[in-house]
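Tertiary structure, described
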Amino acid sequence: MARSPLTLAASVTSALPRVAVVGVGPLTEGASGRYDSAIADLDDGRRVVVRVPVDDRADADLRGEARALASLTAGVRGVLPFGAPDVLGQTTVDGRHTLVQTLLPGYRVDAAHVPSGRGVATALGAAIAAVHDLPVTVIRDAGLPMQTAAQVRDEAERLLDRAEATGLLPFGLLRRWSTALGSDPLWRFETTVVLGGVDPASFVFEDDADGVPVVTGLLSWGGLGVGDPAVDLRWTASAPAAQADVLDEYGHRSHRAPDALVAERARLHAELEFAKWLVHGHATGDETVVTDAVALLESLDESVRDEPVRARDEVTADDAIAATERVPAGSGDAIDTSMQTDSFDADTLAAFLAEEAGEEQSGQIETVPIELSDFSPTHPPTPAPREGTPVASAPAGADERDAASADVSAYSADEIDRDTAAQNALRRWTGTA
C-alpha cells in the first residue's frame, strides 16, 4: 500500500530536524511506482521531494543515486548547463532508505512524444553530450562503476547467452544479435561518463524567451558511471521521428572523437532490453513477465527479420565498382605524360651507346678532368687575341696555363673563333656564363 503524503512529510522532519514542514502534496509524475514520493514545503521557503522505495531493488537504486549525487561536486555542477538535485538529508522509513532532495521545477516529455526539429530533441542531444563530456576522474574518484568497451561487449554476450538458455528467444533475433556482437568495428568506441540508460522522462524542461524548450535539470543519476555512451541514446529507438535530430545535435555538441556507430549500438542496446526482461521473468519465475517478454520479442523479430543491426564491416569489390561509377568523367583535354626533356636524335644516341659499350669492353680509359677555372664568373677568361696583335709577356710567377695561353701566334683567326665559341658553349653548359 502506498504511503500517504502525511507519512512522507514526517520523514522529512526526521531527515531535516531543524526545519518544519508547512505544506505537503503528492508527487504525481507518472513513474513506474517504484517509489512513494511527495512534495513538501518547508518553513524557510524551500520545496523538497521525499522518496521512499517500495522494494529491495528500488532501495538499492536509491542508495546508488544518493552516492552518485554526492560525487557531483560544486565544480562538476558548475560545468553542467542544467541543474541536478541536491541531497538535503537521508533517513529510513520502515527499513527503507529515504532520500530528501531539492525539487527541480519544469515539465517532462516521454520518449514517444519527443517531436522532431529544434526544441526538445536538440535540447536532449545537447544535455546528454554535456554529461558524456565530464571527466572520467569524477567517476573514478567517487568509486562508481567503470567499464571498458570490451567489458560492455562481454556483458551483452552474457545476456544473450542467458536469453538463449531460456529456449524462448526467437532464432532470428539470436542470429541478428550474435552477428552484431561478433562485429569488431561496432565495439571500437571511447568509453565516457554515462547515466546508465537515461530517457527523456529523466529530464525537466522550461521554455526560453522564444518559447523553445531547454533542459533545466536532470533527475535520475543512479546509473552514473563509465561505459558505452550509446546506452544513454537507446531511447531514441522509441522516438524515430526525432532520432536524427537528437543524434545530430549530440554529435555537434560532443567534444570527443566522432563515434560513427553510436546509433547502431544504441539500437542494439534498446533491443537487448527485451532480452533482459525475458531473463528477469525467467529467473524470478514470473510467468506474466515471461509471457509479456516473449510477445515483445516475437513482435521485434517480425519487424527486423533478416535486417542487420549495422552495415557490413568491409567494402566489397562491388561496392568499390559502384563508387567509381559515381565519379564524374573528366572534361579536360588529355594530358601528355611523356618526358618533357631536351630532344635528341635517336640514331646519335644509339651510336653513342654502342661506342660507350665498346669502351667498357676494351678496359678503363684514363681521363683528365676539365679545368673550368678560366670560365668562372669571378675570373672571366681573357679574350683570345687576333693574329698579329702584340701579346704582353706573362708576369713573373704566372702558371704554365697562362704562359701557354699567351702564345697564340700559331693559330689562325678561324681556329681562335672556334675555340672562343667552344668556351662560350661550355660556360653556358656548366652554368658559369
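Now for a description of the structure that goes with this document. All of these numbers come straight from a predicted model, not from anything done at the bench. (Residues numbered from 1 in each chain as written. Predicted model: local features only at pLDDT ≥ 70, side-chain atom pairs only at ≥ 80, totals over all residues. Heavy atoms only, no water.)

Taken together, the side chains of D154, E157, D161 and E164 present a region of like negative charge at the surface. You can call E164 partly exposed: its relative accessible area is 41%. (Patch = residues over 30% accessible without salt bridge, like charges linked within 9 Å, V, L, I, M, F, W, Y side chains within 5 Å. Areas by Shrake-Rupley, 256 points an atom, 1.4 Å probe, with all protein chains shown as cover. Salt bridge = Lys/Arg side-chain N within 4 Å of Asp/Glu carboxyl O. Lys, Arg positive; Asp, Glu negative; His and termini not counted. Charge placed at Lys NZ, Arg CZ, Asp CG, Glu CD. Buried < 20%, exposed > 50% of the residue type's maximum accessible area, 1.4 Å probe, protein only.)

The subject of this paragraph is the sheet that holds strand β2 (residues 35–42). Two strands in a sheet stick together by hydrogen bonds in their backbones, pointing the same way (parallel) or opposite ways (antiparallel). The sheet built from five strands is open, its strands ordered β1-β2-β3-β5-β4 with antiparallel pairing. Every other strand in the sheet has two partners, leaving β1 (21–26) and β4 (87–93) as the edge strands with one partner each. With strand direction ignored, the average angle separating the axes of adjacent strands in the sheet is 25 degrees. Two elements, β1 and β2, share five bridges in a ladder whose sense is antiparallel. Pairing of G25 across the sheet is with I39, part of β2. In this fold helix α2 (residues 56–71) packs onto β2, β3 (47–53), β4 and β5 (96–102), with an angle of close to 40 degrees to the strand it touches most, β5. (Pairing = 2+ DSSP bridges. Helix = DSSP H or I, 4+ residues; strand = E, 2+ residues; numbered from the N terminus. Axes fitted to C-alpha atoms, helices over the stretch in contact; angles between N-to-C directions. Contact = heavy atoms within 4.5 Å.)

Right, let's get into the packing of aromatic side chains. Applying the stated criterion to the full structure yields two aromatic pairs. Ring centres of F82 and F203 lie 6.4 Å apart, and the angle between their planes is 85 degrees; this geometry places the pair in the edge-to-face category. Taken as a pair, F82 in the loop between α3 (74–79) and β4 and F203 in strand β7 (residues 203–207) lie far apart in primary sequence, 121 residues in all. An identical accessibility class is assigned to F82 and F203; each is buried. Seen in terms of ring centroids, Y107 and F205 are 6.0 Å apart; in terms of plane orientation they differ by 25 degrees. Their pairing is stacked. Here Y107, found in the loop between β5 and α4 (120–132), pairs with F205, found in strand β7; they are 98 residues apart in sequence, far enough to count as distant. Note on Y107: relative accessible area 33%, which makes it partly exposed. The ring centre of Y35 lies 4.6 Å from the NZ or CZ of R51, which sits over that ring. (Phe/Tyr/Trp six-rings, centres within 6.5 Å; stacked < 30°, edge-to-face > 60°. Lys NZ or Arg CZ within 6 Å of the ring centre and 35° of its normal.)

Here we take up the pattern of salt bridges. Evaluated as defined, the whole model comprises 18 salt bridges. A salt bridge links R47 to D41; the nearest nitrogen and oxygen atoms lie 2.7 Å apart. Between E65 and R51 there is a salt bridge, with the nearest N and O atoms lying 3.4 Å from each other. You can see E65 sitting in helix α2 and its partner R51 sitting in strand β3, a full 14 residues away along the chain. The exposure classification of E65 matches that of R51, with both residues buried.

Mapped onto the elements of the fold, H132 is located in helix α4. Expressed as a C-alpha distance, the spacing of H132 and Y250, which sit 118 residues apart in the sequence, is 9.9 Å. Ignoring sequence-local partners within four residues, the contact set of H132 consists of T192, V193, V194, P229, D232, Y250 and R256. A distance of 2.9 Å separates the side chain of H132 from the side chain of D232, its partner in a polar contact. (Polar contact = N/O pair within 3.5 Å; in protein donor to acceptor, adjacent residues only side chain to side chain.)

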